[in-house]
Amino acid sequence: MSALTGRPRGREPRSVLPWLAVPALVVFVGFAVVPLIGVFALSFTTWDGIGSIRPSGLTSWRAVLTDPGLPHALWVTFLVMAVSWIVQTPLSILLGTFLAGRQRYRAVLGVVYFVPLMLSSAAIAIAYEALLDPNFGLGAGLKIQALSQDWLGRPWLAFGVVVFVVSWQFVPFHTLIYQGGVQQIPKSLYEAAQLDGAGRIRQFFDITLPQLKYTVITSSTLMVVGSLTFFDLIFVLTEGGPGDATRVLALDMYKRGFQASLMGPASVIAVILVLVGLALALLLRRLGGRDAGASQLEGA
């Protein structure tokens, strides 16, 4: 007991605990809430990025919402999101489960797998653009006709390249998430399954996957919301082409704002991206539900 306060030593008063969140709250408000309010206000103005800002009411909103290119950009954005999720999630779960083992070489492989995430998206796009060049790329160098395609000149090939490169870069991050989730699963569950005669495959489907439910929700939320912000890689790799085959909303926002100097319509698209991301995050959270017991077992 403390002689001055009469409280047990080592305990902080509960009134102090909320103040510990103040620094994070200040950063969040300063770098997230305030800019978002500014962008929302800018969507009701006309501005070329240099001159004076003039209020214009709903002019920018009408221009964007009636633009026939908006549904296509939304479709491409959701398509990239869905296909990349389908590709990344199974690979990340399998690699995360594999790397959660205790063999020494798996730690080395974990470091190697993590390398793509540390590279710049622009640098990755430049490297793949050179490798996929039909005249001077990898296919031409190895004399492999199947690789000597016009990968970035055909709509569906370009779309596939974008999904492949995105997955190649971000699978390591989600692998790390699943690796941590698998390591938090109680070993007693696997020991009991072994006593019942369950093999590795049955343990994976009956124990590992169910216990990773909340890890899947967390990873999927990061993956889906992050897909809305793909810009630099697509800009360097395809610039939204061929045609508008890979023109996602984030790239459309950049082209309107910084190439066409239409900051009002660009701000409208930014607000749409925020709303779509928020809706998807809430939907995934609702689909995940709440199960305190399973959450504690999973530890994620």
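The shown structure was predicted, so the numbers you read here are calculated from the model rather than taken from an experiment.

Definitions and limits used
Residues numbered from 1 in each chain as written. Predicted model: local features only at pLDDT ≥ 70, side-chain atom pairs only at ≥ 80, totals over all residues. Heavy atoms only, no water. Core = buried A, V, L, I, M, F, W, Y, C linked by side-chain atoms within 4.5 Å. Buried < 20%, exposed > 50% of the residue type's maximum accessible area, 1.4 Å probe, protein only. Helix = DSSP H or I, 4+ residues; strand = E, 2+ residues; numbered from the N terminus. Contact = heavy atoms within 4.5 Å. Patch = residues over 30% accessible without salt bridge, like charges linked within 9 Å, V, L, I, M, F, W, Y side chains within 5 Å. Areas by Shrake-Rupley, 256 points an atom, 1.4 Å probe, with all protein chains shown as cover. Salt bridge = Lys/Arg side-chain N within 4 Å of Asp/Glu carboxyl O. UniProt positions renumbered as here; feature names shortened; annotations may be inferred. Expected span 1.5 Å × (residues − 1).

1. A short note on the nonpolar core
- Judged by nonpolar contacts, the single largest core of 20 residues is most densely connected at Val80, Val161, Val165, Leu233, Ile234, Leu237 and Val248.
- Taken together, the elements giving at least two residues each to this core come down to α3 (69–99), α5 (121–131), α7 (155–183) and α11 (232–237).
- Among the elements that take part in this core, α7 stands out by supplying six residues, more than any other.
- Excluding residues within four positions of it along the chain, Ile234 makes contact with Val162, Glu239, Gly240, Thr246, Val248 and Leu251.
- Within the second largest apolar cluster, 17 residues are counted, among which are Leu70, Leu228, Leu249 and Leu280.

2. As for a nonpolar patch on the surface
- Together, Val115, Met118, Leu119, Phe164 and Trp168 line one region of the surface with nonpolar side chains, adding up to about 490 Å² of accessible area.
- Given a relative accessible area of 60%, Met118 falls into the exposed group.

3. Section: the UniProt feature "transmembrane region" (unreviewed entry) in the chain
- Within this structure's numbering, the places UniProt gives as "transmembrane region" (unreviewed entry) are residues 20–44, 73–95, 107–128, 156–178, 214–238 and 258–284.
- Span residues 20–44 is 84% helix and 0% strand, its end C-alpha atoms 37 Å apart.
- Strand forms 0% of residues 107–128 and helix 73%; the C-alpha atoms that close the span are 27 Å apart.

4. Quick notes on the pattern of salt bridges
- Per the stated rule, a full pass over the model turns up five salt bridges.
- Note that Arg202 is salt-bridged to Asp206, the shortest N-O span being 3.2 Å. Of this pair, Arg202 and Asp206 both sit in helix α9 (residues 200–211), four residues apart, which is roughly one turn of that helix.
- You can call Arg202 exposed: its relative accessible area is 52%.
- A residue is classified by how much of its surface remains accessible, and Asp206, at 48% relative accessible area, is partly exposed.
- Asp244 is the partner of Arg247 in a salt bridge, and the nearest nitrogen-oxygen pair spans 3.9 Å.
- On the accessibility criterion, Arg247 (21% relative accessible area) is partly exposed.
- Through salt bridges with shared partners, one network takes in Asp67, Asp244, Arg247, Asp252 and Arg256.

5. What about helix α10 (residues 213–227)?
- The end-to-end C-alpha distance of α10, which contains 15 residues, comes to 21 Å, matching closely the 21 Å that a straight helix rising 1.5 Å per residue would cover.
- Among all positions of α10, only Tyr214, Thr215, Ser219, Ser220, Met223, Val224 and Ser227 are buried.

6. Remarks on the environment of Ala279
- Among the secondary structure elements, Ala279 is positioned in helix α13 (residues 263–288).
- Residues Ala279 and Val163 lie 116 residues apart in sequence; the distance between their C-alpha atoms is 23 Å.

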